[in-house]
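Inside the fold
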Amino acid sequence: VLEQLSCDSCAAAEQPVPMAAGEESTQLSLVGTVGWWPGGCNHEAKRWDAQSAGGNAVSEVPRMRWVLEQMMDARELSAKQAAAVRHGGFVLGAQRFDALVFRLSPAEAGAMDPQQRLLLELGYAALHGAAERRAELMGGDDGVFLGIERPDWALAQPPASRGSVYAVTGDDVSVAAGRVSFVLGLQGPCSSVDTACSSALVAVHWGCHAVRAGESHAALGLAVSLKLV
C-alpha cells in the first residue's frame, strides 16, 4: 500500500520512491507489504532472511501437479533436461481459499482463477497491515493497480465448467483488479496491466504516479503470476 507522506513524517519513510521528472517533490511510504513466494515463504522478512542465507525456493514438481513419466517418455530427455523439467518454483497452498470470508458463494469461488483468490487474500493482508478498514475506505479515492498476465486457468478446466455463469469473470484479467477494488472497498482508479515480466513494476509505477498526481490518496499495488497448466 503506497501512501503520500506529509513533510513532518518524510523522515519516517521506510522506502521512499524516487521522483519522476515533472512531478512534485513528494515522498511516498511503502506500508502493509506482504507476499507469497515459492518454497512456502509468506512473510517479507523471512523471504529476505532465506535469500540472504542462500535458500533455494526451487523444488521437485508435486505429484498432485503432474508426473513426468505420465506426460511423456522421459527417456527422450537428456539428464539435464530431465532434471530441469522435474523442478520448479511452487506456491504452496495456492489452491486453498476461504470464500465465506469474502462473501463469495462456493460456485463463484470454484470458477475463479486461483490468481484472483490469491489477490483477494494478499490485498486484504496488505490493507490490514497498513491499519486500514473497508468501512473507512469506502467512499474514498484509494486505487488498485494490478500487474497480471493472461491466465491459463480456463485452459485447465473441463468443457462442462466453461458454461458456468461465473466462467468469464473468473478468468478475466480486467475483472481481477475490479474484484479486488469492489471486495476490499477501494473506489479510486482501478486497472490491470499486462507487460509480461515487467507487469509488477509497471503496476507499482502507475500507483506511485496516481498518488503523486493527487488522483488517489493511497494506492494498493498488486502483482501475481501462477502458471497452472
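Now for a quick tour of the structure. Bear in mind the structure is a predicted one, so any value in this text is a computation, not a measurement. (Residues numbered from 1 in each chain as written. Predicted model: local features only at pLDDT ≥ 70, side-chain atom pairs only at ≥ 80, totals over all residues. Heavy atoms only, no water.)

1. A short note on the overall build of the chain
- Within the chain one finds 8 helices and 7 strands.
- A fraction of 73% describes how many contacts in the chain between residues 6 or more apart in sequence connect residues 24 or more apart.
- For the chain, the exposed area adds up to about 13400 Å²; of that, 57% sits on carbon and sulfur atoms. (Helix = DSSP H or I, 4+ residues; strand = E, 2+ residues; numbered from the N terminus. Contact = heavy atoms within 4.5 Å. Areas by Shrake-Rupley, 256 points an atom, 1.4 Å probe, with all protein chains shown as cover.)

2. Here's the deal with the side chain of Glu108
- Here Glu108 is to be found in helix α4 (residues 106-111).
- Residue Glu108 is classed as buried on the basis of its relative accessible area, which comes to 18%.
- Looking at Glu108, its side chain comes within polar contact range of the side chain of Arg179, at 3.0 Å.
- With near-sequence residues (within four places) excluded, Glu108 lies in contact with Tyr166 and Arg179. (Buried < 20%, exposed > 50% of the residue type's maximum accessible area, 1.4 Å probe, protein only. Polar contact = N/O pair within 3.5 Å; in protein donor to acceptor, adjacent residues only side chain to side chain.)

3. Some thoughts on the packing of aromatic side chains
- This model, assessed by the stated rule, comprises 2 aromatic pairs.
- Look at Phe102 and Tyr124: their rings are 6.4 Å apart centre to centre, the planes differ by 90°, and that puts the pair in the edge-to-face class. Separated by 22 residues along the polypeptide, Phe102 in the loop between β4 (87-89) and α4 and Tyr124 in helix α5 (residues 114-129) bring together distant segments of the chain.
- Among the aromatic residues, ring-to-ring pairing joins Phe97, Phe102 and Tyr124 into one connected group. (Phe/Tyr/Trp six-rings, centres within 6.5 Å; stacked < 30°, edge-to-face > 60°.)

4. Comments concerning the nonpolar core
- Core analysis: the largest hydrophobic core is formed by 29 residues, its most contacted members being Val180 and Leu220.
- Broken down by secondary-structure element, the contributors of at least two residues to this core are α5, β5 (143-148), α7 (173-184) and β7 (218-224).
- In this structure, Leu28, Cys208, Val211 and Ala219 belong to the second largest nonpolar core, which totals 9 residues. (Core = buried A, V, L, I, M, F, W, Y, C linked by side-chain atoms within 4.5 Å.)

5. Section: α7
- Helix length check: α7 (12 residues) gives 17 Å between terminal C-alpha atoms against 16 Å at 1.5 Å per residue, within 8%.
- Restricting attention to buried positions, one finds in α7 the residues Ala176, Ala177, Arg179, Val180, Ser181, Val183 and Leu184.
- Taken together, the buried residues of α7 touch α4, α5, α6 (134-137), β5, β6 (190-193) and β7.
- Of the residues trailing α7, Gly185 is marked for its positive phi of about 85°. (Expected span 1.5 Å × (residues − 1).)

6. A look at the side chain of Asp152
- Looking at the element boundaries, Asp152 is found in the loop between β5 and α7.
- At 6.0 Å, Lys227 is the nearest oppositely charged side chain to Asp152, a buried residue that forms no salt bridge.
- Side-chain polar atoms of Asp152 contact the backbone nitrogen of Leu228, separated by 3.2 Å.
- Aside from chain neighbours lying at most four places away, what touches Asp152 is Leu226, Lys227, Leu228 and Val229. (Lys, Arg positive; Asp, Glu negative; His and termini not counted. Salt bridge = Lys/Arg side-chain N within 4 Å of Asp/Glu carboxyl O.)

Function-wise, these values are silent; they only describe arrangement.
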